[in-house]
Amino acid sequence: MDGFLLVLWAVRLLFLGLIYLFLARVIRVLLRDLRAAAREPADRPGRLIVLESPGGEPTAGQSFGLDVITSLGRDVNNAIVIDDPFASADHAVLTYRGRDWFVEDLASKNGSYVNGRRVDGVAPMGFGDELQIGQVRMRLERALR
Amino acid sequence: MTSGAMHGVRTPALHRTFGPIRPRPRWLELRLLGLVALALAAGSVSLGATVTRRFGLYDAEGLLIYLGALFAAHAGQVLAGRRTDQILLPTVAMLGGISLLLMQRLPQDLVTQTFFGTTLDLAQVQLVWLLCALTVATTLGIVVRSDRWLRRYKYTWAAVGVGLLLLTFVFGTEVNGQRLTLQLGPLSGQPTELLKVILVVFLAGYLSENRALLVEQDTRIGPIRLPPLPYLAPMVAMWAIALGIVVIQRDLGAALLFFGVFLALLYVATGRVSLVIIGFVLFLLGSAVMAVLFDHIRTRIDIWIDPFADPLGSGFQVVQALHAFARGGLLGVGLGAGLPEIAGRPPIPEVHTDFPLAALGEELGILGVVAILGLYLVVVERGLRIGAAAADDFRALLAVGLALVIGVQAFIIAAGNLKVLPLTGVTLPFISYGGSSLLANAVVVGLLLALSDKGVEPPPPPRVGSRWRRVGRPRAD
């Protein structure tokens with residue numbers, strides 16, 4: 001076997017080896033990224049961002065991390081207090097079941113609205129949907145990673 | 001002052017779009033690109049030594065232009081200072097580089113095109129398209145900061161897609177018995193490549209808006225529970241379009257790709273396996289009926305079941321590809337050493353568009369093929385991660401759909417080359433020769449880059465139709 005052929009095969013194997021080295025590097029980064037994502041507490045299934053609040057409580061731009069069951073209303077015992085003259089004391093409940101969000105209107109006087117549609121009993125909500133309670137508009141979003 | 005007053009309202013938006021721009025280093029991307037350059041240089045030397053018996057880069061000019069463009073794309077992204085994904089570009093650059101090496105190695109007269117008096121051959125044309133694709137991907141990754149233009153006009157996009165399809169039906173020219181190519185003066189392109197991107201945009205918009213409704217179960221047929229019937233209409237329409245593409249365009253691959261991506265997105269949006277199974281069974285039933293009715297589909301299936309029944313006729317391509325894989329073995333015969341030419345032609349017809357994986361399988365062996373499939377997996381993984389981290393459903397579905405388009409397409413043609421599925425004429429993303437394919441996949445990569453930015457503007461509020469206005473102001477308690 002002459003030297004030229006030996007070097008040629010070395011170069012050929014080097015090419016394959018470098019592609020695998022690239023893959024190994026990339027996969028190491030991907031694994032680190034996945035582990036970091038797994039370590040972060042993902043117990044919050046979503047968050048609610050206040051878009052508009054004429055009353056000032058909650059303040060516009062505020063973000064609430066949501067639990068599996070979150071109650072909203074004017075009463076101070078609610079998880080999210082909505083101090084708005086058009087909100088009822090116990091206005092609505094946000095629940096996370098399986099992989100979906102639902103909003104339940106607790107027979108409030110002025111109703112709850114999802115994307116401008118009045119909620120009749122229970123309505124499903126997706127990420128990006130808008131919830132209006134009284135004059136307060138909020139948007140449901142995925143929890144920050 | 002007049003111009004200032006005129007733009008007074010828009011200035012904040014412009015400010016948000018273009019400034020303030022702070023360069024942000026991307027070391028990971030730079031390191032990975034360096035590795036890509038090293039690997040491609042080694043490949044080029046291996047190819048050069050095999051062909052010319054001297055150690056040196058083969059067609060150094062082409063390779064250096066390509067590498068220069070890669071680092072220019074990197075520099076552009078650094079200057080733009082967005083926090084976008086740093087793995088996508090090097091991965092795709094590796095695939096594109098392998099494509100360039102392959103095209104340099106194949107007989108150059110497979111394709112010649114004349115632009116403005118200069119005649120370019122296979123590798124040069126591919127290089128030009130690769131540069132265009134890089135430009136498109138980087139530009140989209142830098143410029144796109146809002147997805148409003150995709151989200152808002154999903155039905156418009158769908159109409160554009162259907163229009164493209166109809167144009168191809170009517171004005172398309174037949175190449176190899178498939179009516180896929182649309183001629184526009186000196187330019188020709190395959191609209192189905194762009195159609196797949198439009199399809200994902202439409203599906204992401206439709207499914208994110210109606211996801212909650214699709215999860216509800218209120219139609220029952222025996223033991224099967226289905227979503228409300230009106231929301232199944234698009235699904236049936238998709239099925240009809242897929243089968244229509246098979247019948248009129250004779251494009252089995254595109255139909256398989258569209259329907260596969262559609263079912264995958266449906267599953268991602270609803271999490272219901274039953275819908276996917278129903279769709280899959282429908283597709284199988286439709287295909288079975290088609291196979292009985294149409295000759296060209298039956299031929300494809302016959303070739304798939306036994307290509308050796310007619311090894312010199314209809315089964316020629318597939319048999320040659322299988323031989324190529326067999327010659328390659330574990331390590332391959334080396335770049336440039338495979339595919340002994342028969343009368344100046346490579347033995348596999350259409351090797352540069354439909355069978356690049358067979359050529360690479362011969363020259364790089366199964367190790368090379370596995371590495372290339374691994375690169376596609378990396379692209380898909382990035383898409384899924386970007387989708388998982390997205391702020392809302394539309395972006396999540398868009399990212400997942402775009403990544404799956406590349407993954408499913410690579411799977412379909414790789415499986416076709418390896419006789420796992422019937423052979424269909426889709427391209428191997430980023431590797432096959434062809435401008436339409438490269439540009440469409442570049443759009444996919446560019447959008448994925450833009451979606452991966454963590455500091456991007458928040459999703460726009462959902463559309464409120466006439467119902468919103470009907471609500472009016474609430475009464476005091």
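> Please clarify how the overall build of chain B should be interpreted in this entry.
Each helix and strand counted, chain B has 18 helices and 7 strands in total. Sequence separation of 24 or more characterises 71% of the internal contacts of chain B that already satisfy a separation of 6 or more.

> Help me out: how do you make sense of the overall build of chain A in this one?
Helix and strand content of chain A: 1 helix and 11 strands. In terms of overall size, chain A is more extended than a compact globule, its C-alpha atoms giving a radius of gyration of 26 Å where 145 residues would be expected to give roughly 15 Å. Taken over the C-alpha atoms alone, chain A extends approximately 90 × 25 × 20 Å along its principal axes. Relative to its full complement of 145 residues, chain A shows a buried share of 36%. Counted over contacts in chain A with a minimum sequence separation of 6, partners at least 24 positions apart contribute 36%.

> Help me understand the sheet that holds strand β2 (residues 63-66) of chain A, please; the structure alone is not making it clear to me.
Whenever strands of a sheet pair, they do so through backbone hydrogen bonds, lying parallel or antiparallel. Spatial ordering of the open sheet is given by β2-β1-β11-β10-β7-β8 (chain A), a layout of 6 strands whose pairing is antiparallel. The open sheet has two edge strands with one neighbour each: β2 and β8 (117-118) of chain A.

> Help me out: how do you make sense of the interface of chain B and chain A in this one?
The figure often quoted for interface size is the accessible area lost as the parts come together. Contact residues are listed per partner, giving 48 residues for chain B and 42 residues for chain A. Looking at the side of chain B that touches chain A, the elements that each hand over two or more residues are α3 (27-52), α5 (88-105), α9 (191-215), α15 (356-388), α16 (393-417) and α18 (466-471) of chain B. A per-element tally of the side of chain B that touches chain A places α3 of chain B first, with 12 residues.

> Hey, could you run me through unusual backbone geometry in this one?
Leaving glycine aside, a negative phi is the common case for residues, and trans is the common case for peptide bonds. If you check the backbone angles, Ala107 of chain A has positive phi at about 50° while not being a glycine. The backbone of Lys419 of chain B sits at a positive phi, close to 60°, despite the residue not being glycine. Within the secondary structure, Lys419 of chain B sits in the loop between α16 and α17 (435-451). Looking at Lys419 of chain B, the number of C-beta atoms within 10 Å reads 17, which means it is partly exposed.

> Would you mind showing me how to read helix α14 (residues 316-328) of chain B here?
Residues and elements named next belong to chain B. Over its 13 residues, α14 runs 18 Å from end to end, which matches the ideal 18 Å to within 8%, given 1.5 Å per residue. Summarising the contacts, the buried residues of α14 are in contact with α13 (295-305), α15 and α16. Just downstream of α14, Gly329 is the residue with a positive phi angle, here 60°.

> Hey, could you run me through the pairing of strand β5 (residues 92-97) of chain A in this one?
A regular strand places its side chains on the two faces of the sheet in alternate fashion. Residue and element names in this part refer to chain A. With 4 bridges connecting them, strand β3 (residues 69-73) and β5 associate as antiparallel partners. Looking across to β5, one finds that Ile69 is bridged to Thr95. Where β5 and strand β6 (residues 100-105) come together, 6 bridges link them in antiparallel fashion. Note on β6: the bridge partner recorded for Tyr96 is Trp101. Counted along the chain from β5 to the antiparallel partner β6, the turn is 2 residues long, and its residue Gly98 has a positive phi close to 65°.

> Looking at this model, I keep getting lost on the packing of α3 of chain B against helix α4 (residues 60-80) of chain B. Mind explaining?
In a pair of packed helices, the angle between the axes and the distance between the axes together describe the arrangement. Residue and element names in this part refer to chain B. At a minimum axis distance of 11 Å, the contact between α3 and α4 shows a crossing angle of 175°. Here α3 lies roughly antiparallel to α4, going by the angle between them. Taken together, the residues of α4 that come into contact with α3 (itself represented by Glu29, Leu30, Leu33, Ala37, Leu40 and Ser44) are Leu63, Leu67, Leu70, Phe71 and His74.

> Help me out: how do you make sense of the sheet that holds strand β9 (residues 122-125) of chain A in this one?
Spatially, the 5 strands line up as an open sheet ordered β4-β3-β5-β6-β9 (chain A), and their pairing is mixed. A single partner strand is all that each edge strand has here, and the edge strands are β4 (80-81) and β9 of chain A.

> I keep staring at the pairing of strand β10 (residues 130-133) of chain A and nothing clicks. Help me out?
Residue and element names in this part refer to chain A. Alternating positions in β10 separate into two faces, Glu130 and Gln132 on one and Leu131 and Ile133 on the other, with burial throughout. Of the strand pairs in this sheet, strand β7 (residues 112-114) and β10 are connected by 3 bridges, and their pairing is antiparallel. Each residue of the ladder has a partner; that of Tyr113, found in β10, is Gln132. In terms of strand pairing, β10 meets strand β11 (residues 136-141) through 4 bridges, oriented antiparallel.

> I keep staring at the confidence of the model for chain B and nothing clicks. Help me out?
It should be kept in mind that the predicted coordinates are not to be read in detail where pLDDT is low. Residue and element names in this part refer to chain B. The share of residues in chain B with pLDDT of 70 or more is 82%, and the mean pLDDT across the chain is 81. Here α18 stands out as the least confident element of chain B, with mean pLDDT 40; α5 is the most confident, with 94. In the predicted structure, residues 1-15 sits below a pLDDT of 50 and forms 0 contacts with residues beyond four places in sequence or in another chain. A low-confidence stretch, residues 465-477 stays under pLDDT 50, and its non-local contacts, those more than four residues away or across chains, total 17 contacts. Interface confidence for the predicted complex, expressed as ipTM, amounts to 0.84; the pTM equals 0.82.

> Explain the packing of helix α11 (residues 252-270) of chain B against helix α12 (residues 273-293) of chain B here, please?
Residue and element names in this part refer to chain B. Orientation of α11 relative to α12, taken along the N-to-C sense of each, is 165°, at an axis distance of 8 Å. By the angle between their directions, the pair α11 and α12 is classed as roughly antiparallel. Considering only the axes of α11 and α12, their crossing is right-handed. Of the residues in α12, those touching α11 at Phe259, Leu263, Leu266, Tyr267 and Thr270 are Val273, Leu275, Val276, Gly279, Phe280 and Phe283. Grouping the amino acids of the contact of α11 with α12 by side-chain chemistry returns 9 nonpolar, 2 polar and no charged.

> In this structure, what is going on with the environment of Lys154 of chain B? I would like to understand it.
Residue and element names in this part refer to chain B. In this fold, Lys154 is placed in helix α8 (residues 154-171). Measuring from C-alpha to C-alpha, the distance between Lys154 and Ile65 comes to 38 Å, with 89 residues separating the pair along the chain. In this structure Lys154 touches Val201, Phe202, Gly205 and Tyr206, once residues within four positions along its chain are discounted.

> What is the right way to read the environment of Thr112 of chain B from this model?
All names here are of chain B. Note on placement: Thr112 falls in strand β1 (residues 112-115). Thr112 gets classed as exposed once you count the C-beta atoms within 10 Å, which come to 12. In sequence terms Thr112 and Asp306 are 194 residues apart; their C-alpha atoms lie 35 Å from each other. Apart from the residues lying within four places of it in its own chain, the contact partners of Thr112 are Thr119, Leu120 and Asp121.

> When you look at the environment of Ser314 of chain B in this model, what are you seeing that I'm missing?
Residues and elements named next belong to chain B. Summarising the element assignment, Ser314 is placed in the loop between α13 and α14. Looking at Ser314, the number of C-beta atoms within 10 Å reads 15, which means it is partly exposed. C-alpha of Ser314 to C-alpha of Arg300: the two residues are 14 residues apart in sequence and 8.8 Å apart in space. Other than its neighbours up to four places away in sequence, Ser314 contacts Thr299 and Ile303.

Calculation rules
Residues numbered from 1 in each chain as written. Chains lettered and ligands numbered in written order. Predicted model: local features only at pLDDT ≥ 70, side-chain atom pairs only at ≥ 80, totals over all residues. Helix = DSSP H or I, 4+ residues; strand = E, 2+ residues; numbered from the N terminus. Contact = placed C-beta atoms within 7 Å. Rg over C-alpha atoms; globule rule 2.2 N^0.38 Å. Buried ≥ 20, exposed ≤ 12 C-beta atoms within 10 Å, placed from the backbone. Pairing = 2+ DSSP bridges. Expected span 1.5 Å × (residues − 1). Axes fitted to C-alpha atoms, helices over the stretch in contact; angles between N-to-C directions. Parallel < 35°, antiparallel > 145°, perpendicular 65-115°, else oblique. pLDDT = per-residue confidence, 0-100. Left-handed = near helix turned anticlockwise from the far one by under 90°. Nonpolar A, V, L, I, M, F, W, Y, C, P; charged D, E, K, R; others polar.

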